[in-house]
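Close look at the chain arrangement
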Amino acid sequence: MNFFRHRPFVLLAPAALLVAVAGCSTADNSDAVAVPTPDKRTAPLCRALDKVLPRTVNGQSRQDPEPRSAYTAGWGSPAIILRCGIVRPPKMVDPKVALGDDPNAIGGGVNGVDWLMEKEDDGTWRFTTSGRLAYVQVTLPKKLSGSDDSAQVLMDLASAVKKAIPEGVASMRH
């Protein structure tokens, strides 16, 4: 996926920016999505994000998954799934990722939002924001994973993420 500006990750002290990695959930052929339970600092940010999310992403109309929640959103079918307020993914602090030695997890930025993308065993991609006060995860269905559409999805979401989720270090739990 050549749309990322490859940047080697560096593990930093807790007060510094942390590297993000994809969380959990697949988007293919699933009507139900696990709803995150953000902490009291993160929940208002996620609710603010829900209010500014675009009506369309990569040309797909918004069709939120079940159960309905301000912490999840979806577009198209099979759905592009967004989850806000997820727990910090384990790869976030994985030294192999930080050194660029994990072939299935790399980082980069799209339109001012830093992401770590992680390739799943089934070939799909998950993206989690880095350097924001809440972890926002986007999971792509197989038909979009590994295509130029992946970049369009992140470009379509960047403005909303920048508007609702300030830069900073997310809590250790969320």
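Report on the accompanying structure. (Residues numbered from 1 in each chain as written. Predicted model: local features only at pLDDT ≥ 70, side-chain atom pairs only at ≥ 80, totals over all residues. Heavy atoms only, no water.)

**Here we look at the pattern of salt bridges**
Formally: The salt bridge criterion pairs a side-chain nitrogen of Lys or Arg with a carboxyl oxygen of Asp or Glu, the two atoms within 4 Å. Helix numbers and strand numbers start at the N terminus; a helix is a DSSP run of H or I with at least 4 residues, a strand a run of E with at least 2. Buried means the residue's accessible area, taken with a 1.4 Å probe over protein chains only, is under 20% of the maximum for its type, while exposed means over 50%, and partly exposed covers the values in between.
Following the criterion strictly, the structure yields 8 salt bridges and no others. Its salt-bridge partner being Asp50, residue Arg62 comes within 2.5 Å of it at the nearest N-O pair. Of this pair, Arg62 sits in the loop between strand S2 (60–61) and strand S3 (72–75) while Asp50 sits in helix H1 (residues 43–52), and the two are 12 residues apart along the sequence. Arg62 sits in the partly exposed class, given a relative accessible area of 25%. Residues Arg132 and Glu167 are paired through a salt bridge, measuring 3.9 Å at the closest nitrogen-oxygen approach. Within this pair, whereas Arg132 is found in the loop between strand S7 (125–130) and strand S8 (136–139), its partner Glu167 is found in the segment after helix H3 (149–164), the two being separated by 35 residues in sequence. Arg132 sits in the buried class, given a relative accessible area of 5%. One continuous salt-bridge network, built from bridges that share partners, spans Asp50, Arg62 and Asp64.

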